Amino acid sequence: MRAASEEDAPHWVSNGTKHGVKMYVGDGEDAAAKGTAHLPFSRYVIRELLLNLERKREVDSQFDTGRMVQMYDKRTFVTWFKYKGKVVVSPRDFCNINRWEIDPPEKGGSLIIAAMSAPHPDCPQVSGCVRANCKIGGWVIKPVRGMRLAAQHGGRPWPGMMEEDLDAEGCIVTYAV
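Every chain is numbered independently, its residues counted from 1 as its sequence is written. For this predicted model, a pLDDT threshold of at least 70 governs which residues receive local features, and a threshold of 80 or more governs which side-chain atom pairs are given and counted, while totals over whole chains, interfaces and linings are taken from all residues. Remark: hydrogens and water are excluded; side-chain values derive from all non-hydrogen atoms of the structure.

1. Quick look at the overall build of the protein
Alright, step 1. Looking only at helices and strands, the protein has two helices and 12 strands in total.
Alright, step 2. Helix numbering and strand numbering both begin at the N terminus, where a helix is a DSSP run of H or I of at least 4 residues and a strand a DSSP run of E of at least 2. Listing each helix as α and each strand as β along the protein from the N terminus yields α-β-β-β-α-β-β-β-β-β-β-β-β-β.
Alright, step 3. The buried share among the 177 residues of the protein stands at 38%.
Alright, step 4. Partitioning the intrachain contacts of the protein with sequence separation of at least 6 by distance along the chain shows that 50% fall at a separation of at least 24.
Alright, step 5. Methods summary: accessible areas were calculated by the Shrake-Rupley approach with a probe of 1.4 Å, and residue burial reflects only the protein chains presented. Accessible area of the protein: about 10,600 Å², with a carbon and sulfur share of 56%. Whether a residue is buried, partly exposed or exposed follows from its accessible area with a 1.4 Å probe, protein chains only, as a fraction of its type maximum: under 20%, in between, or over 50%, in that order. Residues are treated as being in contact if the distance between any of their heavy atoms lies within 4.5 Å.

Listed below in structure tokens is the structure:
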């Protein structure tokens, strides 16, 4: 994931820009895509919106439903979720194992979230859905250093927010599958 997020990463061909997102397609045999954009939020806020299935509809209109299946530890877990179908495309469901890490500050402090499909006994296939297969996908969220973010909740930093998030000017977010 980290290598794919680099601006000059090999094997990615620019495919334009839309709504401030630079889009790329992979030049290999497997279907691959990535997008990179600046978001004016801290790593904490972005992580919360990406990983909290109860809030996912706020940022993803195609998301239908989802649940936590199993927690291995606070950074490694299995999720099941379903995306809505559209016109002639059937709904898709996923059973993914997910892991997130934060690089140490001396390495830039990026938040890396990776996911891949994995079978799990508590994730049976759902009738009417096509089970999607994510070989590998995820996000690299790099803080942009500069002015302090005004990410306040009731006059206080959000619970769990890392102190270094307050010294970021948003993040460069790269999503790749």
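2. Considerations on the nonpolar core
Alright, step 1. Within the largest apolar cluster, 11 residues are counted, these being Ile46, Leu50, Leu51, Phe77, Trp100, Leu111, Ile113, Trp139, Ile141, Cys171 and Val173.
Alright, step 2. For this core, the secondary structure elements donating two or more residues are helix H2 (43-51), strand E7 (111-117), strand E9 (137-145) and strand E12 (168-176).
Alright, step 3. Looking at which element gives the most residues to this core, the answer is H2, with three residues.
Alright, step 4. Discounting residues that sit within four places of it in the chain, Leu50 has contacts with Lys56, Ile113, Trp139 and Ile141. Throughout this description, the term nonpolar core refers to a set of buried Ala, Val, Leu, Ile, Met, Phe, Trp, Tyr and Cys residues connected via side-chain atoms within 4.5 Å.

3. As for unusual backbone geometry
Most peptide bonds are trans, and most residues other than glycine sit at a negative phi.
Alright, step 1. Phi at His19 takes a positive value of approximately 55 degrees, unusual for a residue other than glycine.
Alright, step 2. Position of His19 among the secondary structure elements: in the loop between strand E1 (12-18) and strand E2 (21-26).
Alright, step 3. Take His19: its relative accessible area is 75%, and that puts it in the exposed class.
Alright, step 4. One non-glycine residue, Val87, adopts positive backbone phi at about 50 degrees.
Alright, step 5. Turning to its location among the elements, Val87 is positioned in the loop between strand E5 (76-83) and strand E6 (92-102).

4. Remarks on the layout of surface pockets
Alright, step 1. The space that makes up the largest pocket amounts to roughly 1,400 Å³.
Alright, step 2. Among the secondary structure elements, those contributing two or more residues to the lining of the largest pocket are E2, strand E3 (33-39), H2, E5, E6, E7, E9 and E12.
Alright, step 3. It is E3 that provides the largest number of residues to the lining of the largest pocket, a total of six residues.
Alright, step 4. Put simply, Ala, Val, Leu, Ile, Met, Phe, Trp, Tyr, Cys and Pro go in the nonpolar bin, Asp, Glu, Lys and Arg in the charged bin, and everything else, Gly too, in the polar bin. Residue composition of the lining of the largest pocket, by class: 30 nonpolar, eight polar and five charged. With a 1 Å grid spanning the protein atoms alone, the term cavity applies to any set of points in which a 1.4 Å probe fits but cannot get out, the term pocket to an open set with protein on both sides within 12 Å along at least five of seven lines, and the term lining residue to any residue with an atom within 4 Å of a point. Grid points are joined across faces, edges and corners, and a volume is the space filled by probe spheres set on the points.

5. With respect to the side chain of Asp103
Alright, step 1. Summarising the element assignment, Asp103 is placed in the loop between E6 and E7.
Alright, step 2. Ignoring any residue separated from it by four or fewer positions in sequence, one finds Asp103 in contact with Arg2, Gly109, Ser110 and Ile112.

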